[in-house]
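Inside the fold
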Amino acid sequence: MIKEARRPVWAEINLTNLDHNIKNIIKKVGPERKVIGVIKADGYGHGSVKVAEVLRENGVETFAIATLDEAIKLREAGVEEEIIMLGLTPDMYADVIVRYDITPVVDSFSSGKAMSEAAKAEGKTVEGLIAIDTGMGRIGYPVDSPEGSEKAVADIKKICGLEAFKIKGLFSHFATADAADKTYARLQEKRYNAFHDMLKENRINIPMRTFANSAAIMEIPEVYFDAVRPGIILYGCYPSHEVDKAQLDLKPVMSVKANIIKLKKVGREFSVSYGRKFISERESLIATLALGYADGYPRPFSAQAEVIVRGQRAPIAGNICMDQCMVDVTDVPGVSEGDEVIIMGTDGKNTILADEIADATGTINYEIVCAFGQRLPKVYVK
């Protein structure tokens, strides 16, 4: 049991594996490309401040987040590097962007103007990225038609005239770069390049271009441009089952572990947990763990879930509760209270990845690691 966790369950974050991943990403894209470390959602549940430390040690000088609170947390922890806000910031918070020296993303003159006015009031200049929508349908100037592109160029020209806002780069995001079929991704690439050409024709200078997410880093080197944005691959998870994993050697950074807090011998026809989904067919030994769906262990996984105990896999017994779950350890020799159980991770022989949990619950590995990282205490190891 790890006392500093203050709970008999924890997310174990392997910083050596994180270091391995960022080194391989840098090797993949080459030293001439800037790496923007995406550490939003508290570093995908791994702890953004600690993740930033490891990335900094590997020469990463820019981080990306999704909310103002995430940026402020980093600044208050002493992070001095550039921080990019990947989403749009409402005009009413432009002063916060200026105060904490955050690089905003804008897709309208009104937003750029708000940033400029807030910066001017403080005697500063804000540098921001122009977002274009090449096919994600989320944020950005739509550039999927000549009319949309022309309107975007006209608006960006107005942004160029702002006194205290300077264009730092051009930003877009892929919708299907993680799919085996790259047809749509290539269409997005074509739109991005065509719009960049339009900006050049209109003498609008774009100092930095960024487009490549994790999947594109793995499989679309043509869009590395000036800066790449690794996210899920930093944490040792692949973007999908369709990418070629041979393109990048990754090691999972997060494991989830717990100690058995209670062992109970039960007879035949004994029911366990809500809904009585588990009823023993023999005399059984049931272990209780202080881990539940409020910790990110998805309740729909209950019927298929297994954990690793003393070198073998054992099934979850009944429904996962909010704060606890039970395991049928009847077939695990020598099991005792206090034993360490692996919920996600490996003991060298058995492995349970975030992908296994995600596949069984109809989601993606991103959601699994983010969810585990929200309430579980984090223990950092090397």
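So, here's what we can say about the structure. (Residues numbered from 1 in each chain as written. Predicted model: local features only at pLDDT ≥ 70, side-chain atom pairs only at ≥ 80, totals over all residues. Heavy atoms only, no water.)

Turning next to the packing of aromatic side chains. Considering all chains together, one arrives at 7 aromatic pairs under this definition. Centre to centre, the rings of Tyr297 and Phe301 are 6.0 Å apart; their planes meet at 75 degrees, and the pair counts as edge-to-face. A relative accessible area of 0% places Tyr297 in the buried class. Cluster of aromatic residues (ring-pair linked, three or more members): Phe174, Tyr192, Phe211 and Phe225. Above the ring of Tyr380, the side-chain terminus of Lys50 is found at 5.6 Å from the ring centroid. The aromatic ring of Phe109 is capped on one face by Lys158, whose charged end is 4.5 Å from the ring centroid. (Phe/Tyr/Trp six-rings, centres within 6.5 Å; stacked < 30°, edge-to-face > 60°. Buried < 20%, exposed > 50% of the residue type's maximum accessible area, 1.4 Å probe, protein only. Lys NZ or Arg CZ within 6 Å of the ring centre and 35° of its normal.)

Once that is clear, we can look at helix H4 (residues 68-76). Of the residues making up H4, those classed as buried are Leu68, Glu70, Ala71, Ile72, Leu74 and Arg75. Of the surrounding elements, those touching the buried residues of H4 are helix H2 (40-44), helix H3 (48-57), strand E3 (62-65), strand E4 (82-88), helix H5 (94-99) and strand E5 (102-106). Among the residues trailing H4, Gly78 stands out with phi positive, at a value near 100 degrees. (Helix = DSSP H or I, 4+ residues; strand = E, 2+ residues; numbered from the N terminus. Contact = heavy atoms within 4.5 Å.)

Here we take up the packing of helix H7 (residues 146-160) against helix H8 (residues 183-201). Contact pair H7 / H8: the axes reach a minimum separation of 11 Å and the direction vectors enclose 45 degrees. Of the possible angle classes, the one that applies to H7 and H8 is oblique. Between H7 and H8 lies a crossing whose hand is right-handed. Note on element contacts: H8 touches H7 through Phe195, Met198 and Leu199, opposite Ser149, Glu150, Ala152, Val153 and Ile156. When the residues that make up the contact of H7 with H8 are grouped by side-chain class, the tally is 6 nonpolar, 1 polar and 1 charged. (Axes fitted to C-alpha atoms, helices over the stretch in contact; angles between N-to-C directions. Parallel < 35°, antiparallel > 145°, perpendicular 65-115°, else oblique. Left-handed = near helix turned anticlockwise from the far one by under 90°. Nonpolar A, V, L, I, M, F, W, Y, C, P; charged D, E, K, R; others polar.)

Here is a general trend for soluble globular proteins: nonpolar side chains tend to be buried in one another's company. The biggest cluster of nonpolar side chains holds 125 residues, and the ones touching the most others in it are Tyr297, Val329, Ile343 and Phe372. Non-local contacts of Val329, meaning those with residues more than four positions away in its chain, are made with Leu263, Leu285, Ala287, Val309, Ala314 and Val335. Phe278, Ala317, Cys321 and Met326 belong to the second largest nonpolar core, which has 7 residues in total. (Core = buried A, V, L, I, M, F, W, Y, C linked by side-chain atoms within 4.5 Å.)

Let us look at the side chain of Asn213. Residue placement: Asn213 occurs in the loop between strand E9 (208-210) and helix H9 (214-219). On the accessibility criterion, Asn213 (13% relative accessible area) is buried. When residues no more than four places from it in sequence are discounted, the contact partners of Asn213 are His173, Phe174, Ala177 and Arg229.

On to the pattern of salt bridges, then. Overall, the coordinates contain 24 salt bridges when judged by the stated rule. When salt bridges with common partners are traced through the structure, they connect Arg7, Asp295, Asp323 and Arg375 into a single cluster. (Salt bridge = Lys/Arg side-chain N within 4 Å of Asp/Glu carboxyl O.)

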